[in-house]
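The chain contents come next:
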Amino acid sequence: MKREVATNDERRTTNVSKIGIMGGTFDPIHYGHLVTAQEAHHKFKLDKVIFMPVGIPPHKHSEEVVEARQRYFMTIMATEDNEAFEVSDMEVSKSSPSYTVETLMALKEIYKQSEFYFITGADAIIEILTWKEPEKAAALTKFVAATRPGFSLKKFKGSISKIKPVPELHELEVPALAISSTDIRRRVLQGRPIRYLLPDKVWRYIHSKSFYRN
Ligand code: NAP
């Protein structure tokens, strides 16, 4: 279905030097995520962006989210027409919770020469002190915090500055993040339209599988 996915990670020996890692639950993926990845790709001159759907989220009950493989498929559908985007199944293949530090260490084994930019929502980065081994994670990557318009930066700068050495943190304001997965799930539940908030293939898949109906 997809030209290149993470099952190829082990075989890859590329010298790509700047890699974006787009971490998220993607339940479901939407245009806000795609615009974020494209914007980061451009702003930081990334060679590629690897979407990394969370497998078992460490901070949520797994029954609260659509099954990992399904979120992974939706991510592939949403990104397959962009040559700069890949999707990894590294986290969704694990039977244990997805800890960012472990993912970064595994990626470092594959991309030894590369610089990482871990891209995710600012709301998630605010919680970084509660992540597993935040210092170790921070030593492996720079962070890109995607914000919705009107988001106050003060909160998350405070939390990340407690990590020593203070990691490199970039803010990326993405107006398209007015779209949110929470709103999409609520809309489905209420029988309201989600078309044009996410790629066509993805909303059709959501309807065919009856996701988010209860
Ligand atoms: P979340 O709490 O579901 O999302 C927090 C906010 O960030 C939401 O507003 C979300 O919007 C937005 N967001 C999430 N991913 C985004 C992305 N890639 N680009 C732009 N906005 C994004 O957070 P999550 O999705 O579960 O986790 C985010 C990342 O942090 C994942 O890679 C996860 O593994 C990592 N994390 C690691 C640990 C740990 O290592 N212990 C703990 C927590 C999170 P939408 O709902 O619209 O996506």
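It should be noted that the structure appears before, not after, this text.
None of these values were measured; they are calculated from a predicted model.

Caption draft 1: Region of interest: the site of the ligand. Inspection of the region around the ligand gives 27 residues, with Thr25, His33, Lys60, Arg148 and Ser181 positioned closest. One nitrogen or oxygen atom from the side chain of His33 is found 2.7 Å from an oxygen atom belonging to the ligand. In this structure, Lys132 approaches the ligand through a main-chain N or O atom, which is 3.4 Å from a nitrogen atom. Elements supplying a minimum of two residues to the shell around the ligand: strand E1 (18-24), helix H1 (31-43), strand E4 (115-121) and helix H4 (122-126). It is E4 that contributes the most residues to the shell around the ligand, four residues altogether. Here the residues of the shell around the ligand sort into 11 nonpolar, 12 polar and four charged.

Caption draft 2: How the structure looks around helix H7 (residues 181-189). Inspection of H7 places Ser181, Ile184, Arg187 and Val188 among the buried residues, and these make up the whole buried set. Taken end-on, H7 shows its buried residues confined to a sector of 125°, consistent with a single buried face. Against the buried residues of H7 lie H1 and helix H8 (200-209). Looking one or two places after H7, you find Gly191, whose phi comes out positive at around 75°.

Caption draft 3: Summary view of unusual backbone geometry. Residue Asp27 is joined to Pro28 through a cis peptide bond whose omega torsion reads 0°. With respect to the helices, strands and loops of the structure, Pro28 is situated in the loop between E1 and H1. The residue Phe26 is not glycine, and still its phi comes out positive at about 55°. Relative to the helices and strands, Phe26 is located in the loop between E1 and H1. Backbone geometry places Ser210, a non-glycine residue, at a positive phi of 55°. Looking at the element boundaries, Ser210 is found in the segment after H8. Ser210 gets classed as partly exposed once you look at its relative accessible area, which sits at 38%.

Caption draft 4: Spotlight on the pattern of salt bridges. Applying the stated criterion across every chain yields a total of 12 salt bridges. For the salt bridge of Lys142 with Glu115, the shortest nitrogen-to-oxygen distance reads 3.1 Å. Within this pair, whereas Lys142 is found in strand E5 (residues 142-147), its partner Glu115 is found in strand E4, the two being separated by 27 residues in sequence. Notably, a salt bridge pairs Lys136 with Glu133, separated by 3.7 Å at the nearest N-O pair. In this structure Lys136 comes out as partly exposed when scored by relative accessible area, which is 39%. Sharing partners across several salt bridges, the network here consists of Lys94, Glu102 and Lys132.

Caption draft 5: Expanded view of the sheet that holds strand E3 (residues 85-87). Read across the open sheet, the six strands follow the order E3-E2-E1-E4-E5-E6; overall the sheet is parallel. Looking along the sheet, the strands with just one partner apiece sit at the ends: E3 and strand E6 (169-173). Strand-to-strand twist across the sheet, computed as the mean angle between neighbouring axes with direction ignored, equals 25°. Inspection of the sheet shows E1 paired to strand E2 (residues 48-53) by six bridges, in the parallel sense. In the sheet register, Gly20 faces E2, and the bridge partner there is Val49. In the packing of helix H2 (residues 68-79) onto the sheet, contacts are made with E2 and E3, and the angle to E3 comes to roughly 165°. The strands touched by helix H3 (residues 100-110) within the sheet are E1, E2 and E4, with E4 carrying the most contacts at an inclination of about 150°.

Calculation criteria
- Residues numbered from 1 in each chain as written.
- Predicted model: local features only at pLDDT ≥ 70, side-chain atom pairs only at ≥ 80, totals over all residues.
- Heavy atoms only, no water.
- Near = heavy atom within 4 Å.
- Polar contact = N/O pair within 3.5 Å; in protein donor to acceptor, adjacent residues only side chain to side chain.
- Helix = DSSP H or I, 4+ residues; strand = E, 2+ residues; numbered from the N terminus.
- Nonpolar A, V, L, I, M, F, W, Y, C, P; charged D, E, K, R; others polar.
- Buried < 20%, exposed > 50% of the residue type's maximum accessible area, 1.4 Å probe, protein only.
- Arc of directions from axis to C-beta.
- Contact = heavy atoms within 4.5 Å.
- Salt bridge = Lys/Arg side-chain N within 4 Å of Asp/Glu carboxyl O.
- Pairing = 2+ DSSP bridges.
- Axes fitted to C-alpha atoms, helices over the stretch in contact; angles between N-to-C directions.

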